[in-house]
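Structural overview
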There are 2 protein chains.
Amino acid sequence: MSEEEAEAMLLELKEKAELMVDLAYSSILYDNKEIAKEVYELEDYIDSLHYELQKLAVEDSKKGELEVDETLAIIRLGNCSELIADAAREIADVELRDIELHPVIKESILESDEVILRVEVNENSILNGKKLGEVELATRTGMWVVAIKRGRKWIYGANKNTDIKAGDILFVKGPKEGVEHFISLARGEEKEI
Amino acid sequence: MSEEEAEAMLLELKEKAELMVDLAYSSILYDNKEIAKEVYELEDYIDSLHYELQKLAVEDSKKGELEVDETLAIIRLGNCSELIADAAREIADVELRDIELHPVIKESILESDEVILRVEVNENSILNGKKLGEVELATRTGMWVVAIKRGRKWIYGANKNTDIKAGDILFVKGPKEGVEHFISLARGEEKEI
C-alpha cells in the first residue's frame, strides 16, 4: 500500500470509531433506535476496513516496505479503533434492547462536559442555506456536527462543504456552555454566530 | 447507592475513558511517554471505579431499588467505558514500546477532523492569569482543554475554575480550523478571543 493509503485507512478507522461512540450515546439519550442501528452498520464497515488495513500492512512488510515493528504498530492501532467500535456497538445494544432505562443513565450522558445535542434547523435560522465551513460553526460556537438527519437520509462525517438546510436535524457535540447559544441559532432566535 | 452516586460514577467512567483515548493519542503524537504512563494509571483507577459501580448496582438490585433490567443496563454501560479505557491503554502501549513509529501513524492522528494540540502559554498571552470559564475558551475557540502540564505537575479534567498560567503547556482538542487562532492566543500574538 502507499503511505497515503495507510494513513487514510488509519485515519478513517480512528474517526469512524469515535463517531460511533458519539452516535451510540446519542441513541440512548434520544431513545432513537435508528441511530443505534446505524452504529451496527458502521461496525460492519469498520470490520472490513480493519481487515483490509492488516492485510496491506503485512503484505508491505513482506515486500520489505515496512519494518516488522512498523507493521505491528499499524496493526495495533487499527485494533484499538476496532475495540472502540466494539464498545460503541455495546452501547448501542443497550438502546436496542427493548427495556426501560433508569433515568440515571440519560442523566449521566447529559451531565458530561461534552454533551450531544439534537436540534432542528428553523426556516429563519441564520444557519439555513449555509455551508458548515461558511458559518465556522465549530470554531465560533464550540459545537461540532456529528450527524445530520435530512428527511429520511442520514449524513455522517459532514465537512466544511456540507450544506445546512431548514428542517435538518443536527446532532452536535460540544461543551455544555455552548448549548444555549447553539439552540438559539438553530431556532432563528439569535442571528449572531 | 443513591441515584446521584450511580449517575456520578457512570459519568466519571464515561469521561475518564474518553480522556484516556485523547491522552493516549497525544502521547504518540508528541512522543511523550509521561502521558502514556498517565493513561496506564488512569486505567487502574477506572478498573476500581468500575468494580465499585457493579457492586453497588447489584446490591441495589438485591435491595429492590433497581429492576433487573435497570441493573444490567448500568453494568453494561460501565463495561463499555472499561472497553474504551482498555483500548486507550493499548494505544498508549504503542508509545511505550521503544520503537520508531512509521510517520503515517502521526500523520493519521494529525489529519483527524478533531486534532490534539500542544501549546505553551506565553507571559503576554491574554489567557495568562485567567480562569478557563472566564475566557470561555471552548465556546469561543472550539478548542477544549484535555490536560495541562504545569512544571512537573499534570492537571486532568480541568473545569471552568481552573486557572491558566504563563508557562503552562496546554493539551487542547478541537476542530482543525481552530488551531491557528488558538496558537496565536496562547503565544500572545492575538489578543481577541
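First, a word on what this report is: a plain description of the structure on this page. Remember, it's a predicted structure, so these values are computed and weren't measured experimentally. (Residues numbered from 1 in each chain as written. Chains lettered and ligands numbered in written order. Predicted model: local features only at pLDDT ≥ 70, side-chain atom pairs only at ≥ 80, totals over all residues. Heavy atoms only, no water.)

1. Let's talk about the overall build of chain A
- Per the secondary structure count, chain A includes seven helices and four strands.
- Along the first, second and third principal axes, the C-alpha atoms of chain A reach 60 × 40 × 30 Å.
- When contacts within chain A are restricted to residue pairs at least 6 apart in sequence, long-range pairs at least 24 apart make up 77% of them.
- Approximately 8,800 Å² of chain A is accessible, and the part contributed by carbon and sulfur atoms is 45%.
- Distance between charge centroids for chain A: 5 Å, based on 25 positive and 44 negative side chains. (Helix = DSSP H or I, 4+ residues; strand = E, 2+ residues; numbered from the N terminus. Contact = heavy atoms within 4.5 Å. Areas by Shrake-Rupley, 256 points an atom, 1.4 Å probe, with all protein chains shown as cover. Lys, Arg positive; Asp, Glu negative; His and termini not counted. Charge placed at Lys NZ, Arg CZ, Asp CG, Glu CD.)

2. Some details on the sheet that holds strand 3 (residues 153–156) of chain B
Residues and elements named next belong to chain B.
- Across the sheet, which stays open at both edges, the four strands sit in the order 1-4-2-3 with antiparallel pairing between neighbours. Bordering the open sheet on either side are strand 1 (114–120) and strand 3, each of which pairs with just one other strand. Averaged over all adjacent pairs, the angle separating strand axes in this sheet is 20°, with direction ignored.
- Relative to strand 4 (residues 169–175), strand 2 (residues 144–150) is paired through five bridges, and the arrangement is antiparallel. Paired with Lys 149 across the bridge in strand 4 is Ile 169.
- Its contacts with the sheet place helix 7 (residues 179–187) against strand 1 and strand 4, and it is angled at close to 15° to strand 1. (Pairing = 2+ DSSP bridges. Axes fitted to C-alpha atoms, helices over the stretch in contact; angles between N-to-C directions.)

3. Description of the nonpolar core
- Core analysis: the biggest nonpolar cluster contains 96 residues, and A:Leu23, A:Ile105, B:Leu23 and B:Ile105 have the highest contact counts within it.
- Contact partners of B:Leu23, with chain neighbours within four places excluded, come to B:Ile35, B:Val39, B:Leu42, B:Val146, B:Ala147 and B:Tyr156. (Core = buried A, V, L, I, M, F, W, Y, C linked by side-chain atoms within 4.5 Å. Buried < 20%, exposed > 50% of the residue type's maximum accessible area, 1.4 Å probe, protein only.)

4. So, the relation of the copies chain B and chain A
- Screw-axis analysis of chain B against chain A gives a translation of 0.0 Å along the axis, an RMSD of 0.1 Å, and a rotation angle of 180°. Both copies of the chain, as the preceding transformation shows, are related through a two-fold rotation axis. Measuring from the rotation axis to each C-alpha of chain B, the shortest distance belongs to B:Gly142, at 1.9 Å.
- A share of 100% of the interface residues of chain B reappears at the interface of chain A, consistent with the copies meeting face to face through the same patch. (Least-squares fit on C-alpha atoms with pLDDT ≥ 70 in both.)

5. Focus: the layout of surface pockets
Residues and elements named next belong to chain B.
- There is about 160 Å³ of room inside the second largest pocket.
- Forming the boundary of the second largest pocket are Asp 31, Lys 33, Val 94, Glu 95, Arg 97, Asp 98, Ile 99, Glu 100, Leu 101 and Lys 106.
- Grouping the amino acids of the lining of the second largest pocket by side-chain chemistry returns three nonpolar, no polar and seven charged. (1 Å grid on protein atoms, 1.4 Å probe; cavity = no way out; pocket = protein on both sides within 12 Å on 5 of 7 lines; lining within 4 Å. Points joined across faces, edges and corners; volume = space filled by probe spheres on them. Nonpolar A, V, L, I, M, F, W, Y, C, P; charged D, E, K, R; others polar.)

6. Describing the pattern of salt bridges
- Tallied over the full model, the rule gives 24 salt bridges over all chains.
- A:Arg150 is paired through a salt bridge with A:Asp168; the nearest N and O atoms lie 2.8 Å apart. Of this pair, A:Arg150 sits in strand 2 (residues 144–150) while A:Asp168 sits in the loop between strand 3 (153–156) and strand 4 (169–175), placing them 18 residues apart in sequence.
- The salt bridge partner of B:Glu43 is B:Arg89, with a shortest N-O separation of 3.2 Å. Note that B:Glu43 is positioned in helix 2 (residues 33–63) and B:Arg89 in helix 3 (residues 68–96), a separation of 46 residues in sequence.
- Assessed through its relative accessible area of 29%, B:Arg89 is described here as partly exposed.
- One network of salt bridges, with partners in common, ties together A:Arg76, B:Asp93 and B:Arg97. (Salt bridge = Lys/Arg side-chain N within 4 Å of Asp/Glu carboxyl O.)

7. A short note on empty space enclosed by the protein
- By the definition in use, this model includes four cavities of 30 Å³ or more.
- When contributions to the lining of the largest cavity are tallied by element, the ones reaching two or more residues are strand 4 of chain A together with strand 4 of chain B.
- A class-by-class count of the residues in the lining of the largest cavity yields seven nonpolar, four polar and four charged.

8. Here we look at the interface of chain B and chain A
- If you look at the interface, chain B gives 50 residues, while chain A gives 50 residues.
- Each partner contributes to the roughly 4,900 Å² buried at the junction of chain B and chain A, and carbon and sulfur atoms together form 67% of this total.
- Where chain B packs against chain A, one counts two salt bridges.
- Put simply, A:Arg76 and B:Asp93 hold a salt bridge, and the shortest N to O gap is 3.0 Å. (Buried area = accessible area lost by both parts, 1.4 Å probe.)

9. A word on helix 1 (residues 3–29) of chain B
Residue and element names in this part refer to chain B.
- Here helix 1 is 27 residues long and its end C-alpha atoms lie 39 Å apart, about the 39 Å a rise of 1.5 Å per residue gives.
- In terms of residue burial, helix 1 counts as a mostly covered element, since 19 of its 27 residues are buried.
- Within two residues after helix 1, Asp 31 carries a phi angle of roughly 45°, on the positive side. (Expected span 1.5 Å × (residues − 1).)

10. Topic: a negative patch on the surface
Residue and element names in this part refer to chain A.
- There is a patch of like negative charges on the surface, built from Glu 3, Glu 4, Glu 5 and Glu 52.
- The leading source of residues in the negative patch is helix 1 (residues 3–29), at three residues.
- Within the secondary structure, Glu 5 is located in helix 1. (Patch = residues over 30% accessible without salt bridge, like charges linked within 9 Å, V, L, I, M, F, W, Y side chains within 5 Å.)

11. Description of the sheet that holds strand 2 of chain A
Residues and elements named next belong to chain A.
- Pairing in this open sheet of four strands is antiparallel, and the strands run 1-4-2-3 from one edge to the other. Strands at the two margins of the open sheet, each flanked by one partner only, are strand 1 (114–120) and strand 3. Here the average twist between neighbouring strands, direction ignored, is 20°.
- Contacts from helix 7 (residues 179–187) reach strand 1 and strand 4 within the one sheet, and its direction differs from that of strand 1 by about 15°.

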